[in-house]
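Coordinate analysis (summary)
This is what each chain is made of:
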Amino acid sequence: MSRKQCIAMLLAGGQGSRLGALTAKIAKPAVSFGGKYRIIDFTLSNCANSGIDTVGVLTQYRPYQLHEYVGSGRGWDLNEIGAGVSILPPYATQEGGAWYAGTADAVTQNLDYIKSHHPEYVLILSGDALYRMDYREMLATHITNNADLTIAVMPVPWEDASRFGILTTNEDHQVTKFTEKPEQPDSNLASMGIYVFSYDFLVNALEEDAINQRSSHDFGNDIIPKALADGKRLFVHEYNGFWKDVGTIASYHETSMDLLGENPEFDLFDTKHPIMSNDSTRPPHYIGPDGRVDDSLVANGCKIMGTVRHSIISTDCVVGDRAIVEDSVLLPGAVVKNGAHVSRAILGENAVVEEGVKLGSVDTTKDTAVVGNDVVIGKGE
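These lines cover the structure that appears in this document, whether it is placed above or below. Values in this document were obtained by computation on a predicted structure and should not be read as measured data.

Overall, the coordinates contain 10 aromatic pairs when judged by the stated rule. Here the aromatic rings of Phe197 and Phe201 are separated by 5.9 Å at their centres, their planes lie at 20°, and the arrangement is stacked. Accessibility classification places Phe197 together with Phe201 in one group, the buried group. Their ring planes at 50° and their centres at 5.5 Å tell us that Phe242 and Phe266 sit as a pair that is tilted. Of the two residues, Phe242 is situated in the loop between strand S12 (234-238) and strand S13 (243-245) and Phe266 in the loop between helix H8 (249-258) and strand S14 (286-287); the sequence distance between them amounts to 24 residues. For the pair Phe242 and Phe266, a shared accessibility class is recorded, and that class is buried. The ring of Phe266 carries the charged tip of Arg132 above its face, separated from the ring centre by 4.5 Å.

Rendered as structure tokens:
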């Protein structure tokens, strides 16, 4: 078997605690997003659209639904023989078993998977952001610079730079300094947590890190600073497209609303770089005789008998007679019963809002209302 040029390791084990009720029962990358998708779809689609056919998905927190969803990878054309998607949960060895200690440790525990493919390069990704990127361009940057490690960066407003890991570079785009959340940043290039490693350097760096008892076994905290201190060739690849971390309720709601409109900044209908999904085929959505839908995404299998405005309605949702849903996100199977009014809210999977209940507020100064999966909101709650 010929040596693969590049494989991807997708870190998808995060609990996503900042998403509160939405991740109480499932892993963050498995959370429904955009009507018929899940958050992990965007990164997997980037891999497929970039010609990367071998992806290891590293799972950990409440992984069952994510395992079931990813399946064989067929939904993203990632199910070829000798390639495809592999689910990589933590496992026990003769020395025992433990959860991944950090992002680097997660990859270290799966070095045998990487070595079995013996690629020239390894792409490290996370499964919790909304963006389109052709990883081939980043790989070309890495090869041109004869780099040990290339880090994707995005220019951020200077006033926001202190919230990120910031990379300082010279005129050749080589990294000269890496600072985590600097008080006085000297650069506005923020790390996106997307890395291309040369194979030999990655293996050596992870094996050294694994025996360092003072390490937190994290790429940002340990691997990158040590590589820089050791004089390794670190470069940046600048990205200037749409990129949003949907890791908080506020960003999840805001980014969902950004999908709406005639010319959204992130276009789900782009056929050149399609977003793929493993969503099973459902019947078409149905708009009842008194149903009204305005400026919204409505997925398959829905029944809309009431009014929906500026909202995202995921697969198999129901909006009852005289019910109103506005500025909201309904995850798969959510039900808003007759006469209920839902405003600026996120309803979890299979959540129910009973008849006549008012949930949420049009007041944008108040937090977005969030209802967890399978929760029933009745009068007085």
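As summarised here, the arrangement of the 5 strands in space is S15-S18-S21-S24-S27, forming an open sheet in which the pairing is parallel. Of all the strands in the sheet, the pair left with one neighbour each is strand S15 (292-294) and strand S27 (358-360). Sheet twist, expressed as the average angle between the axes of neighbouring strands with direction ignored, equals 5°. When strand S21 (residues 324-326) meets strand S24 (residues 341-343), the two strands line up parallel, connected through 3 bridges. Across the sheet, residue Ile324 finds its bridge partner in S24, namely His341.

Right, let's get into the sheet that holds S14. Spatially, 6 strands are ordered S14-S17-S20-S23-S26-S29 in an open sheet, and the strand pairing comes out parallel. Every interior strand has two partners, whereas the edge strands, S14 and strand S29 (376-377), have only one.

Among the structural elements, Lys358 can be located in strand S27. Between the alpha carbons of Lys358 and Ser343 there is a distance of 8.1 Å; along the sequence they are 15 residues apart.

Cut-offs applied
- Each chain has its residues counted from 1, following the order in which its sequence is written.
- Local features are withheld for residues below a pLDDT of 70 in this predicted model, meaning they are given only at 70 or higher, and side-chain atom pairs are given and counted only at 80 or more; totals for whole chains, interfaces and linings count all residues.
- In computing side-chain values, all of the structure's heavy atoms are included and hydrogens and water are not.
- Working definition: rings of Phe, Tyr and Trp (its six-membered ring) pair if their centres are within 6.5 Å, and the pair is stacked with planes under 30 degrees apart, edge-to-face with planes over 60 apart, and tilted otherwise.
- Each residue's exposure class comes from its accessible area (1.4 Å probe, protein chains only) as a fraction of the maximum for that residue type: buried when under 20%, exposed when over 50%, partly exposed otherwise.
- Here a strand is any run of E in DSSP of at least two residues, a helix any run of H or I of at least four, and the numbering for each starts at the N terminus.
- Only Lys NZ and Arg CZ are tested; either one counts as a charge over a ring when it is within 6 Å of the ring centre and within 35 degrees of the ring normal.
- Criterion used throughout: strands pair if DSSP finds at least two bridges between them.
- Lines fitted to the C-alpha atoms define the axes, with helices restricted to the stretch that makes contact. Angles between their N-to-C directions range from 0 to 180 degrees.

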